[in-house]
Amino acid sequence: MKKGIPNHIAVIMDGNGRWAKARHLPRAFGHRKGAEALRELLKSAIEIGIPYMTFYSFSSENWNRPQSEINDIMGLLRRYLQSELATFHKAGIRLKVIGDRSRLADDIVLLIEDAERQTLNNDKLTVVMALSYGGRQEIVEAAQRIANQVKSGSLNPDQITENVFEQELYTRDIPDPDLLIRTSGEMRISNFLLWQLAYSEMVFVEKNWPDFSKNDLLTAIGEYQKRDRRYGSAAETA
Ligand code: IPE
Ligand code: IPE
Ligand code: MG
């Protein structure tokens with residue numbers, strides 16, 4: 001059976017630093033170019049008609065980078081949220097941010113809350129930004145919340161099902177990704193959506209993120225459409 005457009009595409013936007021290095025530019029230029037690539041790709045996603053997209057923007061481990069690079073990325077994020085909100089809203093984008101907000105600057109948290117509130121009822125494209133996000137941390141926090149429910153007597157251990165657990169993840173109202181794309185030739189997950197990617201198809205692209213275009217997105221979707229998703233059952237063709 002021919003598959004259509006994926007309902008949810010998750011993207012690990014990797015290779016900004018290498019993009020800059022290849023041009024003898026500081027890494028900050030790569031991040032800036034990466035933000036431009038994201039802006040263009042969102043337009044493409046709407047044109048193609050993809051309902052959900054999640055972007056890995058900053059991982060829990062990225063806090064270990066030099067402070068100057070963290071400042072560059074956070075500055076870019078701040079400006080991005082300020083300058084793009086009106087465009088997002090007009091384009092019908094609903095923004096949702098997942099990750100550990102306690103590590104983000106207060107003004108950035110306020111910008112995020114404002115953007116989420118303003119775009120809440122938009123329904124063209126849901127854009128999930130993973131920021132200060134780590135998959136293990138997300139699962140541990142979910143376990144803590146469930147443990148508290150058990151402790152308070154509102155939940156029995158035998159009531160903890162996959163569905164109950166999922167309700168405690170940041171992504172409780174977001175369907176699992178059908179397709180994961182990672183740029184820059186690296187073939188690893190790097191602590192992204194560990195629970196949610198259980199049965200996602202994965203496509204790895206050699207290009208660095210700032211060079212990733214609508215055509216590359218369409219090629220990745222074409223690759224996805226050729227895959228036989230079995231979910232552990234016997235092959236369709238067997
Ligand atoms: C991805 O590009 C952006 C972030 C992780 C914030 P990198 O900064 O990881 O670029 P490379 O992998 O060093 O080329
Ligand atoms: C993953 O890329 C995080 C983001 C793209 C935001 P990294 O560059 O941090 O991952 P590793 O270190 O190569 O695994
Ligand atoms: Mg990287």
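This text goes with the structure placed above it.
All of these numbers come straight from a predicted model, not from anything done at the bench.

Caption draft 1: Main features of the overall build of the protein chain. Helices and strands together make up the secondary structure of the protein chain, namely 7 helices and 6 strands. Shown N-terminal to C-terminal, the secondary structure of the protein chain runs as helices and strands in the order β-α-α-β-α-β-α-β-α-α-β-β-α. If you line up the protein chain on its principal axes, its C-alpha atoms span 55 × 50 × 35 Å. Among the 238 residues that make up the protein chain, the fraction classed as buried is 49%. Of note, the protein chain has its 32 positive side-chain charges centred 5 Å away from the centre of its 32 negative side-chain charges.

Caption draft 2: Structural detail: the site of ligand 2. Taken together, Ile12, Met13, Asp14, Tyr56, Ser57, Phe58, Asn62, Arg65, Arg182, Arg188 and Ser190 are the residues near ligand 2. For ligand 2, an oxygen atom lies 2.9 Å from a polar atom in the side chain of Asn62. For ligand 2, the protein covers 77% of the area, taking 390 Å² as the surface of the free molecule. Broken down by element, the residue count for the shell around ligand 2 peaks at 3 residues, all from strand E2 (residues 52-59). Residue composition of the shell around ligand 2, grouped by class: 4 nonpolar, 3 polar and 4 charged.

Caption draft 3: Expanded view of the site of ligand 1. In the vicinity of ligand 1 lie 13 residues, with Asp14, Gly17, Arg18, Arg27 and Arg65 positioned nearest. Between ligand 1 and the protein, one listed contact pairs an oxygen atom with a backbone N or O atom of Gly15 at 3.3 Å. Arg27 places a side-chain nitrogen or oxygen 2.9 Å from an oxygen atom of ligand 1. For ligand 1, whose unbound accessible area comes to 380 Å², protein coverage reaches 86%. Contributing elements (two or more residues each) for the shell around ligand 1: helix H1 (16-22), helix H2 (27-48) and helix H3 (67-91). When residues of the shell around ligand 1 are assigned to their parent elements, the largest contribution, 3 residues, is made by H1.

Caption draft 4: Looking closely at the packing of aromatic side chains. Within this structure, the stated rule accounts for 10 aromatic pairs. Their ring planes at 80° and their centres at 6.1 Å tell us that Tyr56 and Tyr133 sit as a pair that is edge-to-face. Residue Tyr56 is located in strand E2, and its partner Tyr133 is located in strand E4 (residues 125-133); the two are separated by 77 residues in the primary sequence. On the accessibility criterion, Tyr56 (6% relative accessible area) is buried. When the ring of Phe58 is compared with that of Trp63, the centres are 4.9 Å apart and the planes differ by 75°; the resulting orientation is edge-to-face. Of the two residues examined, Phe58 and Trp63, each falls in the buried class. Members of the aromatic cluster, joined through ring pairs, are Tyr56, Tyr133, Tyr170 and Phe192. A cation over a ring is seen here: Lys3 above Tyr224, with NZ or CZ 5.6 Å from the ring centre. Over the ring of Phe29 we find Arg32, and its NZ or CZ is 4.9 Å from the ring centre.

Caption draft 5: Molecular detail of the packing of H2 against H3. Where H2 meets H3, the closest approach of the two axes is 10 Å, and the angle between their N-to-C directions is 20°. Regarding the angle of H2 to H3, the classification is roughly parallel. H3 is crossed by H2, and the crossing has right-handed handedness. Mapping the contact onto sequence places Arg27, Ala28, His31, Arg32, Ala35, Leu38, Arg39, Leu42 and Ile46 in H2 and Glu69, Asp72, Ile73, Leu76, Tyr80, Glu84, Phe88 and Ala91 in H3.

Caption draft 6: Structural context of helix H5 (residues 135-151). Spanning 17 residues, H5 covers 24 Å between terminal C-alpha atoms, matching the ideal 24 Å at 1.5 Å per step. Of the residues making up H5, those classed as buried are Gly135, Glu138, Ala142 and Ile146. Down the axis, H5 shows its buried residues gathered within 70° of arc, on one side only. Among the exposed residues of H5, those oriented more than 90 degrees off its buried face are Arg136 and Lys151.

How each quantity is defined
The written sequence of each chain sets the order in which its residues are numbered from 1. Naming scheme: in the order in which they are written, chains are lettered from A and ligands are numbered from 1. In keeping with the predicted nature of the model, local features appear solely for residues at pLDDT of at least 70, side-chain atom pairs appear and are counted solely at 80 or more, and the whole-chain, interface and lining totals rest on all residues. Note that the side-chain values use all heavy atoms of the structure and ignore hydrogens as well as water. Secondary structure elements are defined from DSSP: runs of H or I of at least 4 residues count as helices, runs of E of at least 2 residues count as strands, and each element is numbered from the N terminus. Think of it in three bands: with a 1.4 Å probe and only protein chains considered, a residue is buried below 20% of the maximum accessible area for its type, exposed above 50%, and partly exposed in between. In this tally, Lys and Arg are treated as positive and Asp and Glu as negative; His is ignored, and so are the chain termini. In plain terms, the charge of a residue is placed at NZ if it is Lys, CZ if Arg, CG if Asp and CD if Glu. One heavy atom within 4 Å of a molecule or strand makes the whole residue count as near it. Within 3.5 Å is the distance limit for a polar contact, defined as a pair of N or O atoms, with the added protein rule that one can donate a hydrogen and the other accept it, and that residues adjacent in sequence qualify only through two side-chain atoms. In these tables, accessible area is a Shrake-Rupley quantity obtained with a 1.4 Å probe, and a residue counts as shielded only by the protein chains included in the view. Side-chain classes are defined by residue name, with Ala, Val, Leu, Ile, Met, Phe, Trp, Tyr, Cys and Pro counting as nonpolar, Asp, Glu, Lys and Arg as charged, and the others, Gly among them, as polar. Pairing of aromatic rings covers Phe, Tyr and Trp, the last through its six-membered ring, and needs centres within 6.5 Å; plane angles under 30 degrees mean stacked, over 60 mean edge-to-face, and all others mean tilted. Here, a charge over a ring means that NZ of Lys or CZ of Arg falls within 6 Å of the ring centre while also lying within 35 degrees of the ring normal. Axes, fitted as lines to C-alpha atoms, cover a helix only where it is in contact. Angles between the N-to-C directions of the axes lie from 0 to 180 degrees. Any angle that falls under 35 degrees is termed roughly parallel, while one over 145 is termed roughly antiparallel, one within 65 to 115 roughly perpendicular, and all others oblique. Handedness of each helix crossing follows the sense of rotation of the near helix against the far helix: counterclockwise by less than a right angle gives left-handed, clockwise gives right-handed. Should any heavy atoms of two residues lie within 4.5 Å, those residues are considered in contact. Multiply 1.5 Å by the residue count of a helix minus one, and that product is the helix's expected span. The arc refers to the directions leading from the helix axis to the C-beta atoms.

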